[in-house]
Amino acid sequence: MKLPIIKNAGELAALVREIGYLPLFRCEIAGFSLEECTPAGYWFVKGVEGPWEWREEIAAGGEIAYAKLFNKKAGFISREWYPDFANYRRDGYDFDARYDDGLASMASKRIMDVLLEHEAGLLSSDLKGLSGFEAKGAKGFDTAMTLLQMQTYITASKFEYKQDKHGRPYGWGIGRYAVSEYVFGADYVTSRYNDQPVSSRERIMEHTAKLFPEAGSKQLEKVLK
């Protein structure tokens, strides 16, 4: 499938809803990324809104998930497909059960414990401090954050900017992260839990293979596992 040229957030949202999910950056499947269907003039051009701004609009919309979702890199998943990703990636585990079975790290648990107490989410900078990763010698925050996003336990809910003394925003947007159930609703996120995780995996793999029939099984696995 050749993706259309994307020039604004509305077109991006429409594409994600149409095909189900989309990595932000180039991946092992040729043509399967926002990077490959956005003109160069929309990337890092002062005064021009591009993918970095579009992702902020989409994350704040609460309909399409934006997080590190594809091989530890950022991307988008539609409302229709997020429950299948949650069922597959979580492998049938709520986070507490995963931790109790020794399948989640203490670093991940510290982050989840804090976010479960903050329904509106936290800026990544505040989350890092509240979960104890600013202490001397504390490590593993970025790794745990990436893994929790990949497993769909947390997601970006919006982006916020620092402000100068005149109240004007500057710099890069800082992600606010929250438990996915708080953002999208617990019943919705877990709506595929009655299916076996392997069934969700097969649906995702088969759908992607139909979109990009030239992709091999190893490529699909690399991007979607």
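Numbers given to residues run from 1 along each chain, matching the order in which its sequence is written. Local features in a predicted model are, by the rule used here, given only for residues with pLDDT of at least 70; side-chain atom pairs are given and counted only at 80 or more, and totals for whole chains, interfaces and linings are based on all residues. Side-chain descriptors were evaluated using all non-hydrogen atoms of the structure, hydrogens and water having been removed beforehand.

### Describing the overall build of the chain
Link 1 in the chain: In this text, helices come from DSSP runs of H or I with a minimum length of four residues, and strands from runs of E with a minimum of two, each type numbered from the N-terminal end. Secondary structure summary: the chain contains 11 helices and six strands in total.
Link 2 in the chain: Relative to a compact globule of 225 residues, whose C-alpha radius of gyration would be 17 Å, the chain shows 18 Å and is just as compact.
Link 3 in the chain: Based on the C-alpha atoms only, the size of the chain along its principal axes is roughly 50 × 50 × 30 Å.
Link 4 in the chain: Taken across its 225 residues, the chain has 46% of its residues classed as buried.
Link 5 in the chain: Any two residues whose heavy atoms approach within 4.5 Å are treated as being in contact. Put simply, of all contacts in the chain between residues at least 6 apart along the chain, 60% involve residues at least 24 apart.
Link 6 in the chain: In short, Shrake-Rupley with a 1.4 Å probe defines the accessible areas, and a residue's cover is counted only from the protein chains shown. Approximately 11,500 Å² of the chain is accessible, and the part contributed by carbon and sulfur atoms is 50%. Taken over C-alpha atoms, the radius of gyration is set against a globule rule of 2.2 Å times the number of residues to the power 0.38. Relative accessibility decides the category of a residue: with a 1.4 Å probe and only protein chains considered, values under 20% of the type maximum give buried, values over 50% give exposed, and everything between is partly exposed.

### Regarding the layout of surface pockets
Link 1 in the chain: Counted as a void, the largest pocket has a volume near 390 Å³.
Link 2 in the chain: At the level of elements, helix H2 (51–61), strand S2 (65–70), helix H7 (141–150), strand S5 (154–163) and strand S6 (169–179) are the ones that each hand at least two residues to the lining of the largest pocket.
Link 3 in the chain: Ten residue types, Ala, Val, Leu, Ile, Met, Phe, Trp, Tyr, Cys and Pro, are classed as nonpolar, four, Asp, Glu, Lys and Arg, as charged, and the remainder, Gly among them, as polar. Partitioned by chemical class, the residues of the lining of the largest pocket number 12 nonpolar, five polar and three charged.
Link 4 in the chain: Put simply, the second largest pocket is a space of about 170 Å³.
Link 5 in the chain: The method works on a 1 Å grid over the protein atoms by themselves. A cavity is a set of points holding a 1.4 Å probe that cannot get out, a pocket is an open set with protein on both sides within 12 Å along at least five of seven lines, and residues with an atom within 4 Å of a point line them. Along its surface, the second largest pocket is lined by 13 residues, and Phe44, Val48, Trp52, Glu53 and Trp172 are the ones closest to its centre.
Link 6 in the chain: For the lining of the second largest pocket, the elements supplying multiple residues, two or more each, are H2 and S6.
Link 7 in the chain: When the residues that make up the lining of the second largest pocket are grouped by side-chain class, the tally is seven nonpolar, three polar and three charged. Grid points are joined across faces, edges and corners, and a volume is the space filled by probe spheres set on the points.

### Looking at the packing of helix H3 (residues 82–90) against helix H10 (residues 197–211)
Link 1 in the chain: For helices, the fitted axis covers only the stretch in contact; all axes are lines through C-alpha atoms, and the angles between them, taken along N-to-C directions, range from 0 to 180 degrees. Following both chains from N to C, one finds H3 and H10 inclined at 125°, their axes separated by 8 Å at the closest point. Here H3 lies oblique to H10, going by the angle between them. In the packing of H3 onto H10, the handedness of the crossing is left-handed. For the pair H3 and H10, the contacting residues are Asp84, Phe85, Asn87 and Tyr88 in the first and Pro197, Ser200, Arg201, Arg203, Ile204 and Met205 in the second. Angular relationships are summarised with four words: roughly parallel below 35 degrees, roughly antiparallel beyond 145, roughly perpendicular across 65 to 115, and oblique for the angles in between. Definitions for this section: a left-handed crossing has its near helix turned counterclockwise from the far helix by less than a right angle. A right-handed crossing has that turn clockwise.

### A closer look at a positive patch on the surface
Link 1 in the chain: On the surface, a cluster of positive charge is made up of Lys72, Lys73, Lys222 and Lys225.
Link 2 in the chain: Examined against the element boundaries, Lys73 turns out to sit in strand S3 (residues 73–77). In this analysis, a patch consists of residues with relative accessible area above 30% that form no salt bridge, clustered at 9 Å for like charges and at 5 Å for the nonpolar side chains Val, Leu, Ile, Met, Phe, Trp and Tyr. Whenever Lys or Arg places a side-chain nitrogen within 4 Å of a carboxyl oxygen from Asp or Glu, that contact is recorded as a salt bridge. Counted as positive: Lys and Arg. Counted as negative: Asp and Glu, with His and the chain ends omitted from the count. Think of each charge as sitting on NZ of Lys, CZ of Arg, CG of Asp or CD of Glu.

### Concerning the pairing of S3
Link 1 in the chain: Of all five residues that make up S3, four are buried, and the element is covered over most of its length.
Link 2 in the chain: Two strands pair under a simple rule: DSSP has to find at least two bridges between them. Relative to S3, strand S1 (residues 21–23) is paired through three bridges, and the arrangement is antiparallel. Note that in S3 the partner of Pro23 across the bridge is Gly75.
Link 3 in the chain: As paired strands, S2 and S3 are joined by five bridges and run antiparallel to one another. Paired with Ala65 across the bridge in S3 is Ile77.
Link 4 in the chain: Between S2 and the antiparallel strand that follows it, S3, lie two residues; Asn71 among them carries a positive phi value of about 50°.

### Some points on the packing of aromatic side chains
Link 1 in the chain: Centre distance within 6.5 Å is the pairing criterion for rings of Phe, Tyr and Trp, where only the six-membered ring of Trp is used; planes under 30 degrees apart are then read as stacked, over 60 as edge-to-face, and the remainder as tilted. Inspection of the entire model under this criterion finds 18 aromatic pairs.
Link 2 in the chain: Each ring, one from Tyr66 and one from Phe159, has its centre 6.0 Å from the other, and the planes form 55°; the classification is tilted. With Tyr66 in strand S2 and Phe159 in strand S5, the pair connects residues that are 93 residues apart, well separated along the chain. For the residue pair Tyr66 and Phe159, the accessibility class agrees, reading buried in each case.
Link 3 in the chain: With 6.1 Å between their ring centres and 85° between their planes, Phe70 and Phe85 make a pair best called edge-to-face. Of this pair, Phe70 sits in strand S2 while Phe85 sits in helix H3, and the two are 15 residues apart along the sequence.
Link 4 in the chain: On the basis of relative accessible area, Phe70 is assigned to the buried category, the value being 3%.
Link 5 in the chain: Exposure remark for Phe85: the relative accessible area of 0% places this residue in the buried category.
Link 6 in the chain: By way of ring pairs, the aromatic residues Tyr21, Phe32, Phe70, Trp81, Phe85 and Phe212 are connected into one cluster.
Link 7 in the chain: Only when the NZ of Lys or the CZ of Arg is both within 6 Å of the ring centre and within 35 degrees of the ring normal is a charge said to sit over the ring. Geometry around Phe159 places Arg55 over its ring, the cationic atom sitting 4.3 Å from the centre.
Link 8 in the chain: When the ring centre of Tyr99 is taken as reference, the NZ or CZ atom of Lys109 above it lies at 5.1 Å.

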